[in-house]
Amino acid sequence: MFISWVSANRDEAVFDDPHRFRLDRPHNRHLSFGAGPHRCAGSHLARLNLRIALGELVHRLRDVELDLPVEDIEFHSAFNRVPLRVPIRFTPGTRVGA
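First, a word on scope: everything that follows refers to the structure included in this document. Keep in mind the model is a prediction, meaning the values are calculated, not measured.

In this section: the overall build of the protein. Summing up its helical and strand segments, the protein has 2 helices and 2 strands in all. Along the protein, helices (α) and strands (β) appear in the sequence α-α-β-β when read from the amino end. Across the 98 residues that make up the protein, the buried fraction comes to 10%. Sequence-distant contacts, at least 24 apart, represent 32% of the contacts inside the protein between residues at least 6 apart. Working note: accessible area of the protein is about 8,400 Å², and carbon and sulfur atoms make up 57% of it.

Following this line, the structure appears as structure tokens:
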């Protein structure tokens, strides 16, 4: 038996425009941390870390954008959809508290 986590998070019946990366997606019942008894024990800490990291990044990199067309991003082809690299371009903002 093979479960494709990649396709689970791209279900058109659940997600509006599932192939587009959107941080402001209003409804997000993704399966990134598993589900039920197989839910990741560290999922709450991982979400908190991600929320803080993305908040800081967005605060400093206001004009961040991909440095290549979305179609040119290559992904690992095994069990999950992980980009091999995501080149970005931005104007650095002022560093706070450093």
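Turning to the environment of Leu23, a few remarks are in order. The residue Leu23 is located in the loop between helix H1 (5-8) and helix H2 (43-60) in this model. For the pair Leu23 and Leu54, spaced 31 residues apart in sequence, the C-alpha separation works out to 9.6 Å.

What follows is about the pattern of salt bridges. Under the criterion given, the structure shown has 2 salt bridges. Here Glu65 ties to Arg89 by a salt bridge, and the two come within 2.7 Å at their closest N and O atoms. Of this pair, Glu65 sits in strand E1 (residues 65-66) while Arg89 sits in strand E2 (residues 88-89), and the two are 24 residues apart along the sequence. The partner of Asp67 in a salt bridge is Arg89, with the nearest N and O atoms 2.3 Å apart. With Asp67 in the loop between E1 and E2 and Arg89 in strand E2, this pair connects stretches of sequence that are 22 residues apart. Taking relative accessible area as the criterion, Asp67 reaches 40% and is therefore assigned partly exposed. Bridged by salt links that share partners, the residues Glu65, Asp67 and Arg89 form one connected network.

Attention now moves to unusual backbone geometry. You will see that Asp17, though not glycine, has its phi angle at about 55°, which is positive. With respect to the helices and strands, the residue Asp17 is situated in the loop between H1 and H2.

What follows is about a nonpolar patch on the surface. On the surface, Phe21, Leu23, Leu50, Leu54, Leu57 and Val58 cluster together to form a nonpolar patch covering roughly 620 Å² of accessible area. With respect to the helices and strands, the residue Leu57 is situated in helix H2.

Right, let's get into the side chain of Ser43. Structurally, the position occupied by Ser43 is in helix H2. Side-chain polar atoms of Ser43 contact the side chain of Arg39, separated by 3.4 Å.

The next point concerns the environment of Arg89. By relative accessible area, Arg89 is classed as partly exposed at 39%. Linking Arg89 and Leu66, residues 23 residues apart in sequence, is a C-alpha distance of 6.3 Å. A distance of 2.7 Å separates a polar atom in the side chain of Arg89 from a polar atom in the side chain of Glu65. Within the structure, the side chain of Arg89 is placed 2.3 Å from the side chain of Asp67, a separation counted as a polar contact.

Rules used throughout
- Residues numbered from 1 in each chain as written.
- Predicted model: local features only at pLDDT ≥ 70, side-chain atom pairs only at ≥ 80, totals over all residues.
- Heavy atoms only, no water.
- Helix = DSSP H or I, 4+ residues; strand = E, 2+ residues; numbered from the N terminus.
- Buried < 20%, exposed > 50% of the residue type's maximum accessible area, 1.4 Å probe, protein only.
- Contact = heavy atoms within 4.5 Å.
- Areas by Shrake-Rupley, 256 points an atom, 1.4 Å probe, with all protein chains shown as cover.
- Salt bridge = Lys/Arg side-chain N within 4 Å of Asp/Glu carboxyl O.
- Patch = residues over 30% accessible without salt bridge, like charges linked within 9 Å, V, L, I, M, F, W, Y side chains within 5 Å.
- Polar contact = N/O pair within 3.5 Å; in protein donor to acceptor, adjacent residues only side chain to side chain.

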